[in-house]
Amino acid sequence: MDTRRRGGGIGGGYVVSRSTVHRRLRESLVRLRGGKSKLSQPTPDEELCLDTTSLLLGRAGSHLRMGIVGLPNVGKSSLFNLMSNLQVPAENYPFCTIEPNSARVKVPDGRFDWLVDLYKPRSQVGPALEVTDIAGLVQGAAEGQGLGNKFLSHIYAVDGIFHVVRAFKDPQIDHVEGSVDPVRDLNIISSELRKKDVEIMTGKVADLAKKVERANVKELKEDLDCARVVLQGLEKGKDVRYLPLTPKQCEITRSFSLLTAKPVIFLVNVGQEDIVKGKNKHFLKIKQWVEECAPQSKIIPVSVRYETELLEGKSENTTRPSMLPKIIKEGYTGLKLIHFFTTGSDEVKCWTIRNGTNAQRAAGSIHTDMEKGFIAAETMGYGDFRRVGSEGDMVKAGLKHTNGKTYVVRDGDIIFFKFSAPKTSAKKK
């Protein structure tokens, strides 16, 4: 298995490498095209989408949310409370969280802290991630078990998933399935999300087939062909984000808003002693499951009990740093979000955009008038600015650049936008 590992035991993140993902996508492509044993090469269009990610399949824009998902009593609401300090029901009772709770959580960024310390502005607005706590799903949720349809609709409303899986034993906290078995729990949640997508796509295929029969339109035929490819992949047990789709199919699939198209970060809730020792008996099996079923997904070990005691100052052993900053950062980057800075003595502010956004669109994140009347973006790289120390010296060193609307904004850019104010119509006398 071609993998990259960070850290040892359960102390570091873990992700399957891109080459492994490419191999598996090609294998899926052969199966979907009816191939036998010999591995054929993808077409040029298919090759373009071997790197398909949820960036292509999710909503456009930068106002995106991560949802905390899992079985009941795995630590979802307690984790949400820790991340946001917003108290929501977290009792030991299935379905105690009926309505989703959301909060904007601070994204740690040392660059922002340094700029605030430099400018000492009257106002400061740092980066934030919106996180939603979603009540626990149970087996049969796709058929409505345990208010499943209601809770699945809450997952549709978010753009990425923190999948919390329980890997600790505590007789005082009931497990809805009667025992601690993380791989079984992972299969339950993944299966329920996929079943709901199958239900949605079955209806979508039937609806599109009727429309094509009534109106022989090329666009409708393309939509129907794509819907059939997606449904076929789902019925073979593949999540949508791993299907080998062409760029056009990615565009069409985005409109379906499917659950298994969303990026997933797995949070393994381990015992307090496990996080301190850096070992957990379930962790290897969880990693093997992710390798097989959710390649290139991040796995982050966390102990909600340990984090709670750290926050309350009750922990006797603080050898392990909090994992919350890492979780929040991974959620932010998992949604392909970055931010640029506007700076001055009045305000230092982060503006969140999607990675790959051009300068004109980035100006629109501040105000639509700035996007419409865009003239230029004066940019300074954060690394250069910190090394040089002042805007004047950046100019002297030739490190302050004037860019046009097609310039792709980089994470951490410091930007001043030039734009023309919109013309106001003369008032009638």
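Treat the numbers as computed from the prediction; the structure is a model and nothing was measured.

## Some remarks on the overall build of the protein
Logical step 1: What the protein contains, in helices and strands, is 17 helices and 14 strands.
Logical step 2: In the protein, buried positions account for 48% of the 429 residues.
Logical step 3: In the protein, once contacts between residues fewer than 6 apart in sequence are set aside, the share between residues at least 24 apart is 69%.

## Observations regarding the state of the cysteines
Logical step 1: The full count for this structure, using the stated rule, is zero disulfides.
Logical step 2: Free cysteine Cys226: the closest other cysteine sulfur is in Cys250, separated by 8.2 Å.

## So, the nonpolar core
Logical step 1: With 56 residues, the main nonpolar core has Met83, Leu129, Ile155, Phe162, Leu267 and Ile327 as its most contacted residues.
Logical step 2: No other element matches the five residues that strand β8 (residues 264–269) contributes to this core.
Logical step 3: Excluding residues within four positions of it along the chain, Phe162 makes contact with Met66, Gly67, Ile68, Val69, Met83, Leu129, Ile265, Leu267, Ile327 and Gly331.
Logical step 4: In terms of nonpolar packing, the next biggest core, distinct from the first, is built from 20 residues, Val205, Leu220, Leu245 and Leu258 among them.

## As for the pairing of strand β11 (residues 347–354)
Logical step 1: A large share of β11 lies buried, amounting to seven of its eight residues.
Logical step 2: Both strand β10 (residues 337–342) and β11 contribute to a ladder of six bridges, which runs antiparallel. Bridging from a neighbouring strand, Leu337 pairs with Arg354 of β11.
Logical step 3: Between β10 and the antiparallel strand that follows it, β11, lie four residues.

## Quick look at the packing of aromatic side chains
Logical step 1: Evaluation of the coordinates by the stated rule reveals six aromatic pairs.
Logical step 2: Ring geometry for Trp114 versus Phe385: centroids 6.1 Å apart, planes at 85 degrees, classification edge-to-face. Of this pair, Trp114 sits in helix α5 (residues 110–119) while Phe385 is found in helix α16 (residues 382–388), placing the two residues 271 residues apart along the sequence. Each member of the pair Trp114 and Phe385 is classed as buried.
Logical step 3: Ring geometry for Phe266 against Trp289: centres 5.8 Å apart, planes inclined by 80 degrees, an arrangement best described as edge-to-face.

## Quick notes on the confidence of the model for the protein
Logical step 1: Per-chain confidence: the protein averages 83 in pLDDT, with 78% of residues scoring 70 or above.
Logical step 2: Within the protein, the lowest mean pLDDT, 37, falls on helix α2 (residues 44–48), and the highest, 98, falls on strand β12 (residues 374–380).
Logical step 3: With pLDDT under 50 throughout, residues 1–8 is counted as low confidence; its partners more than four residues away or in other chains account for 24 contacts.
Logical step 4: Note on residues 16–22: pLDDT is under 50 here. Beyond four places in sequence and across chains, it has 18 contacts.

## Side note on the pattern of salt bridges
Logical step 1: Inspection of the entire model under this criterion finds 19 salt bridges.
Logical step 2: In this structure, Arg241 and Asp239 form a salt bridge, with 3.6 Å as the shortest nitrogen-oxygen distance. In terms of burial, Arg241 and Asp239 fall into one category: buried.
Logical step 3: Across the pair Glu378 and Lys400 runs a salt bridge whose closest N-O atoms are separated by 3.3 Å. With a gap of 22 residues between them, Glu378 in strand β12 and Lys400 in strand β13 (residues 400–403) connect regions that are remote in the sequence.
Logical step 4: Classification of Lys400 as partly exposed rests on a relative accessible area of 25%.

## Considerations on the environment of Gln296
Logical step 1: When you line up the elements, Gln296 lands in the loop between α11 (283–293) and β9 (298–302).
Logical step 2: Its relative accessible area of 32% is what places Gln296 among the partly exposed residues.
Logical step 3: Distance from Gln296 to Ile265, taken between C-alpha atoms, is 9.7 Å for residues 31 residues apart in sequence.

## Some words on the pairing of β8
Logical step 1: Extensive coverage of β8 is indicated by the burial of six of its six residues.
Logical step 2: Of the two faces of β8, both are covered, the one formed by Val264, Phe266 and Val268 as well as the one formed by Ile265, Leu267 and Asn269.
Logical step 3: Relative to β9, β8 runs parallel, the two sharing five bridges. For Phe266, the partnering residue across the bridge sits in β9 and is Ile299.

## Thoughts on the environment of Phe417
Logical step 1: With respect to the helices and strands, Phe417 occurs in strand β14 (residues 414–419).
Logical step 2: Judged by its relative accessible area of 7%, Phe417 falls in the buried class.
Logical step 3: Note: C-alpha distance between Phe417 and Ile366 (51 residues apart in sequence) is 9.8 Å.
Logical step 4: Among residues more than four places away in sequence, those in contact with Phe417 are Phe340, Ala359, Ala362, Ala363, Ile366, Met370, Phe374, Ala376 and Ala377.

## Some words on the packing of helix α8 (residues 218–235) against helix α9 (residues 247–254)
Logical step 1: Following both chains from N to C, one finds α8 and α9 inclined at 85 degrees, their axes separated by 10 Å at the closest point. With respect to each other, α8 and α9 are oriented roughly perpendicular. From α8, Glu222, Asp223, Cys226, Val229 and Val230 reach across to α9, where they touch Lys248, Gln249, Ile252 and Thr253.
Logical step 2: A breakdown of the residues in the contact of α8 with α9 according to their chemical character gives four nonpolar, two polar and three charged.

## Points about the packing of helix α4 (residues 76–84) against helix α12 (residues 304–312)
Logical step 1: Where α4 meets α12, the closest approach of the two axes is 10 Å, and the angle between their N-to-C directions is 30 degrees. Relative to α12, the element α4 lies roughly parallel. Once α4 is placed against α12, the crossing between them reads as left-handed. Residues Ser78, Leu79 and Leu82 of α4 touch α12, and the partners they reach there are Val304, Glu307, Thr308 and Leu311.
Logical step 2: Of the residues contributing to the contact of α4 with α12, the split by class is four nonpolar, two polar and one charged.

Rules used in this analysis
Sequence order as written defines residue numbering, which begins from 1 separately in each chain. In view of the model being predicted, local features appear only for residues whose pLDDT reaches at least 70, and side-chain atom pairs are presented and counted only at 80 or more, with totals across whole chains, interfaces and linings using the full set of residues. As a rule here, side-chain values come from all non-hydrogen atoms in the structure, and water together with hydrogens is ignored. Here a helix means four or more residues in a row that DSSP labels H or I, a strand means two or more in a row labelled E, and each is numbered from the N terminus. Burial here depends on accessible area, computed with a 1.4 Å probe over protein chains only, as a share of the maximum for the residue type. Under 20% is buried, over 50% is exposed, and the range in between is partly exposed. The contact criterion used is simple: two residues touch if any of their non-hydrogen atoms lie within 4.5 Å. When the sulfur atoms of two cysteines come within 2.5 Å, that pair is taken as a disulfide. Nonpolar cores were defined as sets of buried Ala, Val, Leu, Ile, Met, Phe, Trp, Tyr and Cys residues, with membership established by side-chain atoms within 4.5 Å. By this definition, two strands are paired if DSSP reports at least two bridges between them. Pairing of aromatic side chains here covers Phe, Tyr and the six-membered ring of Trp, requires ring centres within 6.5 Å, and sorts the geometry by plane angle: under 30 degrees stacked, over 60 edge-to-face, intermediate tilted. Per-residue confidence from the predictor is reported as pLDDT, which spans 0 to 100. Salt bridge, as used here: a side-chain nitrogen of Lys or Arg that lies within 4 Å of a carboxyl oxygen of Asp or Glu. Axis geometry follows a simple rule: fit a line to the C-alpha atoms, using only the stretch in contact for helices, then measure angles between N-to-C directions, giving values from 0 to 180 degrees. By the definition adopted for this analysis, an angle is roughly parallel if under 35 degrees, roughly antiparallel if over 145, roughly perpendicular if from 65 to 115, and oblique otherwise. Any residue outside Ala, Val, Leu, Ile, Met, Phe, Trp, Tyr, Cys, Pro, Asp, Glu, Lys and Arg is labelled polar, Gly included; the first ten of those are nonpolar and the last four are charged. Take the far helix as the reference: if the near one is turned anticlockwise from it by less than a right angle, the crossing is left-handed, and if turned clockwise, right-handed.

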